[in-house]
Each structure stands twice: as structure tokens, then as C-alpha cells.
Amino acid sequence: MTVTLEASDGVGTIRLDRPPMNALDVATQDRLRDLAEEATRRDDVRAVVLYGGEKVFAAGADIKEMQAMDHTAMVVRSKALQDAFTAVARIPKPVVAAVTGYALGGGCELALCADFRIAADNAKLGQPEILLGLIPGAGGTQRLARLVGPSRAKDLIFTGRHVKAQEALTIGLVDRVVPAAEVYEQARAWAAALAKGPALALRAAKESVDAGLETDIDTGLTIERNWFAGLFATEDRQHGMRSFVEEGPGKATFL
């Protein structure tokens with residue numbers, strides 16, 4: 001399998017495994033979509049780590065495969081490509097990308113689908129599609145601009161240049177830079193901590209932020225208000241407030 005999903009202690013790891021560079025061919029894209037949907041459904045997966053292994057996250061699309069496609073083929077395929085990445089972005093649980101080595105093109109776009117990105121100190125990220133006479137096609141023009149702002153996104157997309165880990169941290173493309181040997185360990189620790197939290201409240205928080213960014217402030221506040229009120233119907237809310245009153249803040253545990 002080019003992509004696998006393994007779960008333990010509430011954390012599901014979606015692992016890319018297509019040596020040597022984890023090129024994202026059609027089969028890998030479709031498998032990624034299927035496993036994102038599986039992670040969404042599974043109750044034993046409460047948080048997700050995206051990981052490409054110790055050496056590389058994903059160096060981009062399979063260019064040889066793409067070269068063989070004509071316009072008609074890509075009209076058909078481009079929607080499925082975007083749907084695969086959107087399935088990852090819409091996992092209603094905390095998702096962290098553990099970025100090692102190259103995260104270029106589709107690899108960078110996959111990392112953008114996560115809620116949080118931990119990068120190795122030797123990582124390089126970028127959207128080099130312009131060097132092929134193309135633009136990003138798996139969400140890069142949209143998610144990158146929303147994350148780092150339009151000017152920085154245009155710089156990366158127009159030039160196709162690679163961004164080293166420290167610059168990626170400075171511009172907000174990644175959230176933490178750690179030694180390469182610690183990337184997966186720290187990503188899993190971040191996910192494991194959140195896996196112990198109230199699942200529905202985390203889902204509500206993620207949807208409120210993500211959906212709110214796509215609309216005006218009044219609609220965003222309505223989304224927030226509806227989720228906020230709705231959580232008062234959950235056992236987690238009852239348990240959390242009872243624990244706060246009886247034991248003090250931060251001591252509640254959630255199933």
C-alpha cells in the first residue's frame with residue numbers, strides 16, 4: 001500500500017510509503033482520500049498525524065504520470081485530486097503534519113491540510129509547479145494564501161522557490177521546527193495530548209475556525225454560537241464543568 005493508517009492510544013498515523021520520494025500518483029491520491037474518510041469515521045482515531053517517513057514527507061506529484069495526461073484527462077482528474085486533499089482537510093479531528101525532508105508541490109499542499117505543522121530542521125517546502133508551466137492544483141493557491149497571506153503565497157507560487165525550515169517558521173508556513181530525529185515523536189505527542197480532549201468540542205472548534213474563515217464575521221459568529229450552545233447537550237460539557245467546580249481547572253478527563 002502506498003498509504004497506510006495505523007491507530008494506537010487514540011492517534012491515527014496516515015503514513016505515505018511510496019519510495020523513494022513519496023510521489024503522489026493517482027493511486028496514492030485515491031488511497032489518501034479513502035484513509036482520510038476512514039480516520040473520520042473511526043472512533044478509535046481521535047487525532048491524526050500525517051507522516052512521510054524519516055527522509056521525506058512528499059516531493060510532489062508523479063510528474064511522469066502527469067506528463068502522459070492531456071487536457072481532457074486532467075479536467076476529469078483535477079476534481080478527484082482536490083477531493084483527496086479536501087478529505088484530509090475536513091477530518092473533523094486535530095491533524096498535525098510531521099514534515100521531514102522535502103514537502104514540495106502536492107507534498108506542501110498536503111501539509112497545508114493539517115491544523116498544525118511540525119517541521120524538521122532540514123525540511124524544505126515549496127510550490128514549484130510554476131517551473132513546469134503550471135500552478136498548484138491541489139489547493140495550494142487557496143490554502144497557502146489563507147495561511148501566510150496573499151503576498152507571501154504569491155512569492156512562493158510565482159517563483160517556485162524552496163523555503164527552508166527557519167524561513168517557513170518565520171512566515172507561518174510551519175508552526176514548530178525541531179531536530180529531524182524528533183519530528184514524528186513531537187507530532188505524535190501533540191496529537192496524543194489532544195486525543196485525550198473532548199472530541200465533539202474539538203470538532204466544533206475546528207469547524208468554527210475553518211468555516212468562519214470562509215465567510216463574513218456575522219455568519220462566523222452564528223456558526224460559533226450554534227456550536228457553543230449545542231455543546232451544552234453533551235456529556236463532555238457536563239463532565240468538564242462538574243470537574244472544574246469540584247476539582248479545579250484542568251483536571252477533567254474525557255472518554
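Here's what I pulled together on the structure shown here. (Residues numbered from 1 in each chain as written. Predicted model: local features only at pLDDT ≥ 70, side-chain atom pairs only at ≥ 80, totals over all residues. Heavy atoms only, no water.)

Scanning the chain for helices and strands turns up 11 helices and nine strands. Against the 2.2 N^0.38 benchmark of 18 Å for 255 residues, the chain shows a C-alpha radius of gyration of 19 Å, consistent with a compact globule. Each principal axis of the C-alpha atoms in the chain carries an extent, and together these give about 65 × 40 × 35 Å. Out of the 255 residues in the chain, the part that is buried amounts to 44%. Summarising the internal contacts of the chain: among those between residues at least 6 apart in sequence, 70% fall at separations of at least 24. (Helix = DSSP H or I, 4+ residues; strand = E, 2+ residues; numbered from the N terminus. Rg over C-alpha atoms; globule rule 2.2 N^0.38 Å. Buried < 20%, exposed > 50% of the residue type's maximum accessible area, 1.4 Å probe, protein only. Contact = heavy atoms within 4.5 Å.)

Turning our eyes to something else, we now look at the environment of Glu 185. Residue position: Glu 185 is located in helix 8 (residues 183–195). Residue class for Glu 185 comes out exposed when judged on its relative accessible area of 57%. Put simply, Glu 185 and Ala 98 are 87 residues apart on the chain and 8.9 Å apart in space, counted from C-alpha to C-alpha.

Time to look at the sheet that holds strand 7 (residues 124–126). The three strands lie next to each other as 5-7-8, forming an open sheet whose pairing is mixed. At either margin of the open sheet sits one strand with a lone partner, and together these are strand 5 (102–104) and strand 8 (162–164). For this sheet, the mean angle separating the axes of adjacent strands, direction not counted, is 20 degrees. Of the strand pairs in this sheet, strand 5 and strand 7 are connected by three bridges, and their pairing is parallel. When the sheet's bridge partners are listed, Leu 104 is paired in strand 7 with Gly 126. (Pairing = 2+ DSSP bridges. Axes fitted to C-alpha atoms, helices over the stretch in contact; angles between N-to-C directions.)

Between side chains of opposite charge, a pair can form when the charged atoms approach closely. Applying the stated criterion across every chain yields a total of 12 salt bridges. The closest approach of N and O atoms between Asp 30 and Arg 77, which form a salt bridge, is 2.8 Å. Note that Asp 30 is positioned in helix 1 (residues 26–41) and Arg 77 in helix 3 (residues 71–89), a separation of 47 residues in sequence. Taking the relative accessible area as the measure of exposure, Arg 77 reaches 14% and is therefore buried. In this structure, Asp 155 engages Arg 161 in a salt bridge whose closest nitrogen and oxygen atoms are separated by 2.8 Å. Under the relative-accessibility criterion, Asp 155 is labelled partly exposed at 30%. A network of salt bridges, in which partner residues are shared, links Asp 30, Arg 33, Asp 34 and Arg 77. (Salt bridge = Lys/Arg side-chain N within 4 Å of Asp/Glu carboxyl O.)

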